[in-house]
Amino acid sequence: MKAYLKLDHIDKSFARGNQVSEVLKDIRLTIDKGEFVSIIGHSGCGKSTLLNLIAGLTKVSAGAVLLEDKEVDSPGPERAVVFQNHSLLPWLTVYENINLAVSKVLGRSKSRAERHDWIMRNLDLVQMAHAKDKRPAEISGGMKQRVGIARALAMEPKILLLDEPFGALDALTRAHLQDAVMDIHSRLGSTTIMITHDVDEAVLLSDRIVMMTNGPAATIGEVLAVPLARPRRRIELSSDRTFLRCREAVLKFLYERHRFVEAAE
Amino acid sequence: MSIQTIEDTTVKVFPAKPAEVIAFTAKARRRIDPIVIAGKLASALVPPAIVIALMLVVWQIACSSPTASLPPPSQVWNEAYDLIAHPFFNNGPQDIGLAWRVLISLQRVAIGFGLAAVVGVALGALVGQSIWAMRGLDPVFQILRTVPPLAWLPLSLAAFRDSSPSAIFVIFITSIWPIIINTAVGVRNIPEDYRNVSRILRLNQFEFFVKIMVPAAAPYIFTGLRIGIGLSWLAIVAAEMLTGGVGIGFFIWDAWNSSRLPDIIVALAYIGVTGFCLDRLVAAVGAFVTRGTTAK
């Protein structure tokens, strides 16, 4: 089977003056269509850089990102990003924020009425249709993130990129949003890559967990398959043996074999 | 059993509470509102009224002696009464009410300032967006912006060979610098996230300018516009004194030449009030346009 998304021997280094700092080294990964993959690692290991490379917001130093066998090196709506701090435009309402994306990406293929239906369908998907005329400042952090997800989904992306989407949220809101993301993933089957530093979140949501070694020159240490049937329910899983085993494997990787040493910087 | 009774009572009490609270606040608000508004108005209007009254009294006393070089307020009121009471009279080409003169000056300001706003925002966007445009243009702007408005007048008279476009040019060149500089700062401060959103959506340059850059930099742009409108009102009065015509600036110069000091004092009051209104107008437009922009 051909890989849907392929990260082919990717290196990334940043040059500042004469100093070159190597951030990522020899990243190799293939992701199938419909797969949910989490990338986990200690802070500073370059996982956000990796997401930016896939999104095309940063250019690779060597190697290539291949989506359906075509190289991508610039950003585009087929790789929609949900940013950690939502980055909704504060002067637009929830509806207008999504409309900006929809009218740009689907403006040629859909009529005005179809676009309206499409925006409302995506707002319904994240249960935010009731707040369509609110501005970002008037809704809570969790709701903003929901709108951010709706905006990304509304672009009809081939791959959905989530950059620590729940990092800034409290634990309860985070759980609600994780359930929402699982629900959306099961309904749409969207190929998803999520950056996270939360072990439970990674195990709960992913088909595979990609564990990064520490930088500099970070690379993929291990890839763990999570053989849990879907739909997954967090309460049942909290005592499930497979869940606990996966969780333990990730924790061991992060805290035994690749302990984060701050002094190393 | 005991647990159940407790639950029952809490369930009964809970829904009754919010209804009461809402009714109470609504009543309380309606009762207090007019008093609050009157109180706020009084606290805003009474202190300046007292200060103005005191200033008038001091001025009256200071200028009452027959040897005083300036007229007291009573003399201003008597001699310039038709200027104060009838701002819109029109007795022929050179004998018109002060409101007409202010309007003529405002018209020049509108043209000069309008041009400065359009060109200033465009240049500011360029300087804020492109590092090379900034390196090339910023030193030039920093030098030119320190040139006093009237120093431009002889040059613009020579270039345009007419007083009216020269006055407009002086307004343009005076008010454009704060608009350029503030717009550039605003554009430079657009969060990287907004740029990333536009890159993912593949917005072209024009769409980025209209949909992201201008709204994101709007608070800065309006700061520049507000400084700019103040400067252009300063410049127009000075420029009209030299170029002539029927504006409020020339009226003052004309009054000085025919020794009508009370008229000058009335004209100063008109200029001050108009400048204040212009400033508040731009501030109000800015507050309306940028609502929601600065909130996170």
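Residues numbered from 1 in each chain as written. Chains lettered and ligands numbered in written order. Predicted model: local features only at pLDDT ≥ 70, side-chain atom pairs only at ≥ 80, totals over all residues. Heavy atoms only, no water.

A. Seen up close, the overall build of chain A. On a plain count of helices and strands, chain A comes out with eight helices and 10 strands. In summary, chain A has a C-alpha radius of gyration of 19 Å against a globular reference of 18 Å for 265 residues, a match within 12%. C-alpha extents for chain A along the principal axes are approximately 55 × 50 × 40 Å. Split into buried and exposed, the 265 residues of chain A put 52% on the buried side. Long-range contacts, defined as pairs at least 24 residues apart, comprise 70% of the intrachain contacts of chain A with a sequence gap of at least 6. With an accessible surface of roughly 12,500 Å², chain A has 48% of that area assigned to carbon and sulfur atoms. Looking at chain A, you have 37 positive and 34 negative side-chain charges, and the mean spots of the two groups are 3 Å apart. (Helix = DSSP H or I, 4+ residues; strand = E, 2+ residues; numbered from the N terminus. Rg over C-alpha atoms; globule rule 2.2 N^0.38 Å. Buried < 20%, exposed > 50% of the residue type's maximum accessible area, 1.4 Å probe, protein only. Contact = heavy atoms within 4.5 Å. Areas by Shrake-Rupley, 256 points an atom, 1.4 Å probe, with all protein chains shown as cover. Lys, Arg positive; Asp, Glu negative; His and termini not counted. Charge placed at Lys NZ, Arg CZ, Asp CG, Glu CD.)

B. A look at unusual backbone geometry. All names here are of chain A. Note that the residue after R230, namely P231, is joined by a cis bond; omega there is 0°. Phi angles above zero are rare outside glycine, and H9 is one such case at about 50°. By the element assignment, H9 lies in strand β1 (residues 5–16). Here S87, not a glycine, exhibits a phi torsion of approximately 40°, which is positive.

C. Spatial organisation of the interface of chain B and chain A. Listed per partner, the contact involves 20 residues of chain B and 26 residues of chain A. On the chain B side of the interface with chain A, the three residues burying the most area are I200(B), L201(B) and R202(B), jointly 33% of the side's total. Where chain B touches chain A, the interface holds two salt bridges. In this structure, K104(A) and E207(B) form a salt bridge, with 2.9 Å as the shortest nitrogen-oxygen distance. Between chain B and chain A we count five residue pairs in polar contact (both at pLDDT 80 or more) in total. When contributions to the side of chain B that touches chain A are tallied by element, the ones reaching two or more residues are α8 (192–200) and α9 (205–243) of chain B. Broken down by element, the residue count for the side of chain B that touches chain A peaks at six residues, all from α8(B). (Buried area = accessible area lost by both parts, 1.4 Å probe. Salt bridge = Lys/Arg side-chain N within 4 Å of Asp/Glu carboxyl O. Polar contact = N/O pair within 3.5 Å; in protein donor to acceptor, adjacent residues only side chain to side chain.)

D. A look at the pattern of salt bridges. Tallied over the full model, the rule gives 22 salt bridges over all chains. E22(A) is the partner of K25(A) in a salt bridge, and the nearest nitrogen-oxygen pair spans 3.6 Å. Judged by relative accessible area, E22(A) falls into the partly exposed class, the value being 33%. A salt bridge links K132(A) to D133(A); the nearest nitrogen and oxygen atoms lie 3.5 Å apart. Since its relative accessible area comes to 55%, D133(A) is described here as exposed. Counted as one network, the salt bridges with shared partners bring together E78(A), R79(A) and R202(B).

E. Looking closely at the state of the cysteines. Here the structure, examined in full by the defined rule, presents zero disulfides over all chains. C246(A) takes part in no disulfide bond, and the closest cysteine sulfur, belonging to C45(A), lies 20 Å away. (Disulfide = S-S within 2.5 Å.)

F. Summary view of the sheet that holds strand β2 (residues 19–31) of chain A. Residues and elements named next belong to chain A. If you walk across this open sheet you meet the four strands as β2-β1-β4-β5, and the pairing is antiparallel. Two strands in the sheet have a free side with no partner beyond their single neighbour: β2 and β5 (70–71). Two elements, strand β4 (residues 62–67) and β5, share two bridges in a ladder whose sense is antiparallel. Paired with L66 across the strands is E71, a residue of β5. (Pairing = 2+ DSSP bridges.)

G. Region of the structure containing the sheet that holds strand β6 (residues 79–82) of chain A. Residue and element names in this part refer to chain A. Taking strand neighbours across the sheet as the criterion, the six strands line up as β6-β7-β8-β3-β9-β10 in an open arrangement whose pairing is mixed. Here the strands that pair on one side only, and so sit at the sheet edges, are β6 and β10 (220–225). Direction aside, the axes of adjacent strands within the sheet are offset by 20° on average. Relative to strand β8 (residues 191–196), strand β3 (residues 36–40) is paired through five bridges, and the arrangement is parallel. Paired with I39 across the strands is I195, a residue of β8. (Axes fitted to C-alpha atoms, helices over the stretch in contact; angles between N-to-C directions.)

H. Structural context of the UniProt feature "domain: ABC transporter" (unreviewed entry) in chain A. When the UniProt feature table is mapped onto this chain, "domain: ABC transporter" (unreviewed entry) is found at residues 5–239 of chain A. Structurally, residues 5–239 of chain A is divided into 33% helix and 27% strand, and its ends, taken at the C-alpha atoms, are 34 Å apart. (UniProt positions renumbered as here; feature names shortened; annotations may be inferred.)

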